[in-house]
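So you can see what is in the structure, the chains are spelled out below.
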Amino acid sequence: MKKVLLTLFSLTLVMVLAACGNNNTANNAANSAATNAPAADASAEPTTEPAADPVTLVVGASPVPHAEILNAIAPLLEAQGIKLEVKEFTDYILPNTQLAEKALDANFFQHKPYLDDQNTKNGTDLVSVTAVHVEPFGAYSKKIKSVDELADGAKVAIPNDATNGGRALILLAKNGLITLKDDTNITSTKADITENPKNLEIIELDAAMLRASWMKLTWL
């Protein structure tokens, strides 16, 4: 089980860090301690000094699945002297804001196009440490079982941020529901829709609100 969890961690954890002035990560701290430690003296008497405090790594994450992944790996990291503190966020703004303000050591919730868009819009200089899995993007409904059943004028909720909204529109285009100027452009917006034969009412919502709107909208 531990081997599986470690593999999962290596495949999925992406650290997004502030480019300048960020706190040392657990690995840097551990490497520094090893480099600066004095050589052992075989004749020295055993020391009774307590072990060094564990390194604390504060990571911001969205609740599902990112915080779940981090919490699953936390006990294994603690055994290696790294105390993982997971702060959950239900929005996509504060994790980057708090990272830029150095209230976090890293965050784990976003894909690279979203990070690039946020850096451009907010003048931040956050950097991606490693690649991460891409969350599956699907279409969900409590009433519609196939695209063919979608009624004229149906309401479809999509995220309101530039890149995730673009992904949603591309998904609709790939399924023949709309036509976009460029169905490969992840930053597409509703203004880029050139054809909408079913007259879909596309409603842009904060990504964190999409699940809460499940009972209020007829979703594709």
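Preceding block: the structure.
Residues numbered from 1 in each chain as written. Predicted model: local features only at pLDDT ≥ 70, side-chain atom pairs only at ≥ 80, totals over all residues. Heavy atoms only, no water.

Enquirer: When you look at the overall build of the protein in this model, what are you seeing that I'm missing?
Expert: Helix and strand content of the protein: six helices and nine strands. For the protein, the residues scored as buried account for 35% of the 220 residues in total. Considering only intrachain contacts with a sequence separation of at least 6, the fraction spanning at least 24 residues in the protein is 68%. As displayed, the protein has an accessible area near 13300 Å², and 54% of this comes from carbon and sulfur atoms. (Helix = DSSP H or I, 4+ residues; strand = E, 2+ residues; numbered from the N terminus. Buried < 20%, exposed > 50% of the residue type's maximum accessible area, 1.4 Å probe, protein only. Contact = heavy atoms within 4.5 Å. Areas by Shrake-Rupley, 256 points an atom, 1.4 Å probe, with all protein chains shown as cover.)

Enquirer: Explain the environment of serine 128 here, please?
Expert: By the secondary structure assignment, serine 128 is in strand 5 (residues 126–128). For the pair serine 128 and phenylalanine 108, spaced 20 residues apart in sequence, the C-alpha to C-alpha distance is 9.8 Å. A polar contact of 3.3 Å, which involves the side chain of serine 128, links it to the backbone oxygen of threonine 130. (Polar contact = N/O pair within 3.5 Å; in protein donor to acceptor, adjacent residues only side chain to side chain.)

Enquirer: Quick question: what am I supposed to make of the pairing of strand 2 (residues 55–61) here?
Expert: The side chains of a regular strand alternate between both faces of the sheet. The buried count for strand 2 comes to five of seven residues, which makes it a mostly enclosed element. As paired strands, strand 2 and strand 3 (residues 82–88) are joined by seven bridges and run parallel to one another. Bridging across to strand 3, glycine 60 finds its partner in lysine 87. For the segment spanning strand 2, helix 3 (residues 63–78) and strand 3, crossover handedness is right-handed. (Pairing = 2+ DSSP bridges. Right-handed = clockwise from strand over helix to strand, strands pointing away.)

Enquirer: Sorry if this is basic, but what is going on with unusual backbone geometry here?
Expert: As a rule of thumb, non-glycine residues mostly have phi less than zero, and peptide bonds are mostly trans rather than cis. With omega at -5 degrees, the peptide bond leading from valine 64 into proline 65 counts as cis. Here lysine 102, not a glycine, exhibits a phi torsion of approximately 70 degrees, which is positive. Relative to the helices and strands, lysine 102 resides in the loop between helix 4 (94–100) and strand 4 (106–108). Residue class for lysine 102 comes out partly exposed when judged on its relative accessible area of 42%. Located in the positive-phi region is asparagine 199, a residue other than glycine, with phi close to 55 degrees. Tracing the backbone through its elements, the reader meets asparagine 199 in the loop between strand 8 (193–195) and strand 9 (201–205).

Enquirer: Explain the environment of threonine 184 to me, please; I cannot follow it from the model alone.
Expert: Within the secondary structure layout, threonine 184 lies in the loop between strand 7 (179–180) and strand 8. A C-alpha to C-alpha distance of 10.0 Å links threonine 184 and leucine 169, two positions 15 residues apart in sequence.

Enquirer: Sorry, what's going on with the environment of lysine 87 here?
Expert: Along the chain, lysine 87 falls in strand 3. Assessed through its relative accessible area of 29%, lysine 87 is described here as partly exposed. For the pair lysine 87 and leucine 104, spaced 17 residues apart in sequence, the C-alpha to C-alpha distance is 8.6 Å. Those residues in contact with lysine 87, other than ones at most four positions away along the chain, are Val58, Val59, Gly60, Ala61, Gln98 and Leu104.

Enquirer: How do you make sense of the packing of aromatic side chains when you look at a structure like this?
Expert: Aromatic ring pairs are defined here through the distance separating the ring centres and the angle between the ring planes. Scanning the entire structure with this criterion turns up three aromatic pairs. On the numbers, 5.7 Å between centres and 45 degrees between planes, the contact of tyrosine 92 with phenylalanine 109 is tilted. Of the two residues, tyrosine 92 is situated in the loop between strand 3 and helix 4 and phenylalanine 109 in the loop between strand 4 and helix 5 (112–122); the sequence distance between them amounts to 17 residues. The exposure class assigned to tyrosine 92 is partly exposed, which follows from its relative accessible area of 27%. Taking relative accessible area as the criterion, phenylalanine 109 reaches 8% and is therefore assigned buried. Taking 6.1 Å as the distance between ring centres and 75 degrees as the angle between the ring planes, the aromatic pair formed by phenylalanine 109 and tyrosine 114 counts as edge-to-face. Neither phenylalanine 109 nor tyrosine 114 differs from the other in exposure class; each is buried. An aromatic cluster is built from Tyr92, Phe109 and Tyr114, whose rings are joined through pairwise contacts. (Phe/Tyr/Trp six-rings, centres within 6.5 Å; stacked < 30°, edge-to-face > 60°.)

Geometric descriptors of this kind do not, in isolation, establish any biological role.
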